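Residue-level structure breakdown
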Amino acid sequence: MTNYLDLELTEINKLLKAKKIKPIDLVEEAFARIKKDELNDFITLNEKAREEAKALENLEVDNLLFGIPIAIKDNIVTKGLRTTCASKMLENFDSVYDATVIEKIKAKHMIIIGKTNMDEFAMGSTGETSYFGNTLNPRDKSRVPGGSSSGSAASVASHEVVLALGSDTGGSVRQPSGFCGIVGLKPTYGCVSRYGLVAFASSLDQIGPMSKNVYENAVLLNAIAGLDEKDLTSVKQEKDFTSLIGKDIKGLKIGVPNYYMSDVIDIEVRNKIKEVLELLKKKGCEVDYIDIPNLEYAIPLYQVIALGEASTNLARFDGVKYGFLSDQEKLEDMYTYTRSIGFGAEVKRRIMVGSYVLSGENAKTYYYKALRLRHNIVENFKKAFKKYDLLLGPTNTNVAYPFNRHLDNVLQSFYDDLLTIPVSMAGLPALALPVGFNKENLPIGLQIIGNYFKEDEIYQLASAIESELKLDLKIGSDK
Amino acid sequence: MLVPTIGIEVHVELKSNSKVFSRGKNDFNDDINTNVDEIDLAYPGTLPALNKDVITMAMKACIAFHCDITRHMHFDRKNYFYPDLPKGFQITQQDTPIGRNGYVEIKTDEGIKKIGIERIHIEEDTCKSIHSGKQTLLNYNRAGVPLIEIVSKPVIKDGKEAMLYLESLRENLLYLGVSDVKMEEGSMRCDANVSLKEEDSPVLGTKVEIKNIGSISKVAISINYEIERQKKILESGGKMKEETRRFDDKTETTILMRVKETGNDYRYQPEPNIPFVDIDDKWYNDTVESIPTLPAAMRDEYEQLGISSNNINTLIAYKELNDFYREIYKDIDSVILANLLTGDILSHLNKNNIELKDTCLTKENILKLVTLLSKKEITSKQGKEILPYLLTTNNSVDKIIDDLGIKGLDNSELETIVKNVINANNQSVVDYKAGKEKALKFLIGQVMKETKGQANPETLNKMLIDLINKM
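Source: prediction; values computed, not measured. (Residues numbered from 1 in each chain as written. Chains lettered and ligands numbered in written order. Predicted model: local features only at pLDDT ≥ 70, side-chain atom pairs only at ≥ 80, totals over all residues. Heavy atoms only, no water.)

**Some points on the overall build of chain B**
Along its length, chain B carries 15 helices and 16 strands. Against the globule reference of 23 Å for 471 residues, chain B gives a C-alpha radius of gyration of 30 Å, more extended than a compact globule. By its C-alpha atoms, chain B is 95 × 55 × 50 Å across when sized along the principal axes. Taking all 471 residues of chain B together, the buried fraction comes to 51%. For chain B, the share of sequence-separated contacts (at least 6 apart) that also reach a separation of at least 24 residues comes to 69%. Within chain B, one finds 63 positive and 74 negative side-chain charges whose respective centroids are separated by 3 Å. (Helix = DSSP H or I, 4+ residues; strand = E, 2+ residues; numbered from the N terminus. Rg over C-alpha atoms; globule rule 2.2 N^0.38 Å. Buried < 20%, exposed > 50% of the residue type's maximum accessible area, 1.4 Å probe, protein only. Contact = heavy atoms within 4.5 Å. Lys, Arg positive; Asp, Glu negative; His and termini not counted. Charge placed at Lys NZ, Arg CZ, Asp CG, Glu CD.)

**Points about the sheet that holds strand S4 (residues 163-168) of chain A**
Residue and element names in this part refer to chain A. Read from one edge to the other, the open sheet built from eleven strands follows the order S1-S3-S2-S4-S6-S5-S10-S11-S9-S7-S8, with strand pairing classed as mixed. Of all the strands in the sheet, the pair left with one neighbour each is strand S1 (42-45) and strand S8 (286-290). Taken over all neighbouring pairs, the strand axes of this sheet differ in orientation by 30° on average, direction set aside. Pairing between strand S9 (residues 390-394) and strand S11 (residues 443-450): five bridges, direction antiparallel. Within S11, the residue paired with Pro394 across the bridge is Leu446. Sitting on the sheet, helix H7 (residues 214-224) touches strand S2 (69-73), S4, strand S5 (183-186), strand S6 (206-211) and strand S10 (430-437), and the angle it makes with S6 is about 145°. Packed onto the sheet, helix H15 (residues 455-469) meets S5, S6, strand S7 (253-257), S9, S10 and S11 and runs at close to 10° relative to S10. (Pairing = 2+ DSSP bridges. Axes fitted to C-alpha atoms, helices over the stretch in contact; angles between N-to-C directions.)

**A few points about the sheet that holds strand S2 (residues 68-69) of chain B**
Residues and elements named next belong to chain B. The strand order across the open sheet formed by nine strands is S2-S6-S7-S10-S1-S11-S12-S13-S14, and the pairing between neighbours is mixed. What marks the edges here is a single partner per strand, and that holds for S2 and strand S14 (253-259). Direction of pairing for strand S1 (residues 2-13) relative to strand S11 (residues 188-198): antiparallel, over a ladder of eleven bridges. Across the sheet, Ile8 pairs through a bridge with Ala192, a residue of S11. Along the sheet face, helix H1 (residues 52-64) touches S2, strand S6 (99-108), strand S7 (111-124) and strand S10 (146-152) and points at about 165° away from the line of S7. Across the sheet, helix H3 (residues 216-235) touches S1, S11, strand S12 (208-211), strand S13 (243-248) and S14, and the angle it forms with S11 is around 25°.

**Side note on the interface of chain A and chain B**
At the interface, 41 residues of chain A touch 35 residues of chain B. Here chain A is connected to chain B by 19 residue pairs in polar contact (both at pLDDT 80 or more). Of all the secondary-structure elements, those providing two or more residues to the side of chain A that touches chain B are helix H9 (298-313), helix H10 (331-342), helix H11 (345-358) and helix H12 (362-387) of chain A. No other element matches H9 of chain A, which puts five residues into the side of chain A that touches chain B. Looking at side-chain class alone, the side of chain A that touches chain B contains 19 nonpolar, twelve polar and ten charged residues. (Polar contact = N/O pair within 3.5 Å; in protein donor to acceptor, adjacent residues only side chain to side chain. Nonpolar A, V, L, I, M, F, W, Y, C, P; charged D, E, K, R; others polar.)

**Let's talk about helix H8 (residues 334-352) of chain B**
All names here are of chain B. With 19 residues, H8 extends 25 Å from end C-alpha to end C-alpha; this agrees with the ideal 27 Å at 1.5 Å per step. Helix geometry: H8 is bent most strongly at Leu346, by close to 35°. Listing the buried residues of H8 in full gives Ser334, Ile336, Leu337, Ala338, Leu340, Leu341, Thr342, Ile345, Leu346, His348 and Leu349. The secondary structure elements touched by the buried residues of H8 are helix H5 (295-305), helix H6 (309-317), helix H7 (319-328), helix H9 (363-374) and helix H10 (380-392). Sitting at the head of H8, Asp333 places a side-chain oxygen 3.1 Å from the backbone nitrogen of Val335. (Expected span 1.5 Å × (residues − 1). Bend = angle between axes of the 7 residues up to and from the residue.)

**Considering a nonpolar patch on the surface**
A grouping of Ile32, Ile130 and Leu137 of chain B is seen on the molecular surface, where their side chains present a nonpolar patch of about 250 Å² in accessible area. Structurally, Ile32 of chain B can be placed in the loop between S1 and H1. (Patch = residues over 30% accessible without salt bridge, like charges linked within 9 Å, V, L, I, M, F, W, Y side chains within 5 Å. Areas by Shrake-Rupley, 256 points an atom, 1.4 Å probe, with all protein chains shown as cover. Salt bridge = Lys/Arg side-chain N within 4 Å of Asp/Glu carboxyl O.)

**So, the nonpolar core**
Nonpolar side chains tend toward joint burial in soluble globular proteins. Residues Phe121, Leu280, Ile448 and Leu461 of chain A are the most contacted members of the largest nonpolar core, which totals 150 residues. Looking at which element gives the most residues to this core, the answer is H9 of chain A, with nine residues. Core analysis: the second largest hydrophobic core is formed by 100 residues, Ile55, Phe65, Ile213 and Leu341 of chain B among them. (Core = buried A, V, L, I, M, F, W, Y, C linked by side-chain atoms within 4.5 Å.)

**Quick look at unusual backbone geometry**
The general pattern is negative phi for most residues beyond glycine and trans for most peptide bonds. Here the bond from Gly147 of chain A into Ser148 of chain A is cis, since omega is 10°, no more than 30 degrees from zero. If you trace the backbone, Ser148 of chain A turns up in the loop between strand S3 (111-116) and helix H5 (150-157). Positive phi, normally seen in glycine, also occurs at His66 of chain B, with a value near 60°. With respect to the helices and strands, His66 of chain B occurs in the loop between H1 and S2.

**Observations concerning the pattern of salt bridges**
Residue and element names in this part refer to chain B. One pass over the structure, following the stated rule, counts 53 salt bridges over all chains. The closest approach of N and O atoms between Lys157 and Glu110, which form a salt bridge, is 3.6 Å. Of this pair, Lys157 sits in the loop between S10 and helix H2 (159-176) while Glu110 sits in the loop between S6 and S7; the two residues are 47 residues apart in sequence, bridging distant segments of the chain. Judged by its relative accessible area of 37%, Lys157 is partly exposed. The salt bridge partner of Glu327 is Lys363, with a shortest N-O separation of 2.5 Å. Taken as a pair, Glu327 in helix H7 and Lys363 in helix H9 lie far apart in primary sequence, 36 residues in all. Owing to a relative accessible area of 48%, Glu327 belongs among the partly exposed residues under this scheme. We classify Lys363 as partly exposed; its relative accessible area is 34%.

**Quick word on the pairing of S10 of chain B**
Taken residue by residue, a regular strand's side chains alternate between the two faces of the sheet. Residues and elements named next belong to chain B. Among the seven residues of S10, seven are classified as buried, and the element is accordingly described as predominantly covered. Taking every second residue as pointing to the same face, both faces of S10 are buried, with Pro146, Ile148, Ile150 and Ser152 on one and Leu147, Glu149 and Val151 on the other. In this structure, S1 lies alongside S10, joined through five bridges in antiparallel fashion. Residue pairing in the sheet places Val10 in a bridge with Ile150 of S10. Pairing of S7 with S10, which is carried by seven bridges, proceeds in the antiparallel orientation. Across the sheet, residue Glu124 finds its bridge partner in S10, namely Pro146.

Function cannot be inferred from these measures alone, as they are strictly geometric.
What follows is the structure, encoded as structure tokens:
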């Protein structure tokens, strides 16, 4: 087997340009690796990928992403390649249109290798709620890869693809990136069009790039970001997100919210983050521990707002138009059976909680109160960004854990997202960056939080840390 | 004494080019399921667009009905399950309706009455269900068609007032050009809430909602029926239940559809995919500027012109005739023009079940005809003879007059004939001068004979008297 997919994007690009390799070589290698790894990280492989790679052979290699294999989370719709959301409900669903991000990566002539496994409808943080079975963590197959973008993280970490797209509602890009030891960004809300991303919680969802390193992450973000008239919440900005990479970080003001370093966080994780902070001080950054009020409410807020939105977003799956149908004589029975059989337990649980918080008087007690408190969290973050360029903390409270841990404790699974959800609530951009390993050799992720649309500054700092640490992230390497 | 409280909810389809939250074409009448895009089908991953024309149209209605405009507004999700609702929720405006606190004026027997409008909000229509046997089919052409819902205050006192209120809404919306407002075709739909209470009671009675009413006049019938029905129940010591009834066309009664249990729980929620809409001063002012002359102002103007109130009502009711009228009425005798349009022309249209644009009538021809009539160059009887040819042929007025052998007499010709008759009938002139009215009638008869009836009686009368007096 060839090893082109271990190379950096720029090196692959050079080889393609020099005609030393062809896109088909990359596709063959990707398929071979997926087969060999047995991670169950893909739900559907793109059978037309070889054909698409061949079709590129006579075209000029006109950009860095040309001919590059990419994996797509299975909640981003692709015409002609089924989109299941890892649910029985959409087991055989073919979209009639491409998501805006898919149109954009196709315009760059990237090659979609397949659709990646995930928690059903992006609801979960272990990959265990998938109708198609667990995705295995390539660093330790007995452990969860994190979720919900489980397969996207696993496929990038195992070098089955060069890049992947995930989606992040409460941490679904960052948390699995941390658990698998890759770079994952949740962009500012509005940075990337959501048109064609099957909605979980519309006011929180963002599609994000996942990659082996910081630079490649920024390159992919450049390709997918921007105003889309089909998404009224998308925002116009024409930044080159790579532009600050390599620039000196001296003088950057960095805040570390105390919430992110409390004793709820595993001590090894905290110590690793502290090492990074020391390094940054040496590099001339100002580092302060700060208080940002009310972050501790983020998880209850998420349960009210995200699940409230989810309960209505998933109402369209009724068997009438597409997807699973349990044909029944009576209309009520059709709804009941279609949705009872079509959805998995976690999705149903979340729909019920979401319906509850919007019902009658509960809407005032829970939902509208939560919206006000969310506004307060936004204001508190804004205050912090008046003083600091970037905020820092761990991505996760701990490292990847064994399967089945949360089966008995549903609430516990939300606490995986303790450190990612506050950022989602505020709509801020944040990046998960591997900064080392614990004593079990499992990766520890740093989270860099930026001000709105300051992804370029996040990349600047992340890249500086990355080049200082020079970690060998390749699985199977000696560390 | 028991008095009724009536409130009316009206849904009006707006005739924008495309749908309100998608790029699908807004034309329900095209072939079934052709005006549909992925948003209308609620495909996973789709997000609503927002058609600004719809907001402008809704704003026009709000301005015409004197509403306060909500300048900073958002949309909400109304959640319920039904096969005709593709997303499982309807996008509507619960918290921030575009218009509030408006009114329309109606003319009742007791004078002008203001019917208050509680709110006007924008929402999307559902699919059209087609029930056939055990199957239900769905036409998605209607999914996402823009609607405004106009909710009256509960201040209507009977079926008649309800009818006047609806007619006023219909008229204004028609002239605003925002809707076809055809109840028969469903572009205007109406539900009535009726309850009775003791006159001095501050508490409203239990209300019954009447649905499925097919025309404005049926609204009056159904409300009056419902008032009587409730009266009988209450007066015989019965109690009302909150229920929904439908109007039955054949029996002209209301029939129970369902008893309302607990209030519907629609789990309203702000629509996160559509940011707040801000109506800035320019948008608002441009919309105000674009509002055409509305029926109330036209009525005043027509009254000033001396048009009969019957003709005014007919003109306003038939917008096509009125539009035609307004293109030319300033240049000619507008009373004659109104008479022709609301008289012979309208009955021709009704008799043949056609519209004005289906006839051969041209502005030039009608102008000419009205001018001849107003100058008394032809009689109204002759006008009646000419008119059918103007509607059914492309001939000019002059040619039709020639063909029919109608000689439009000019006054000098007439004068010659009158003088001849006077000279030939001296005795009659003497008799008339002596006060015998009959003698004048004889002279008129003689002139008519000479002119084969083509002389305008009024003109002739005046000319004859003038000439005799000069003698």
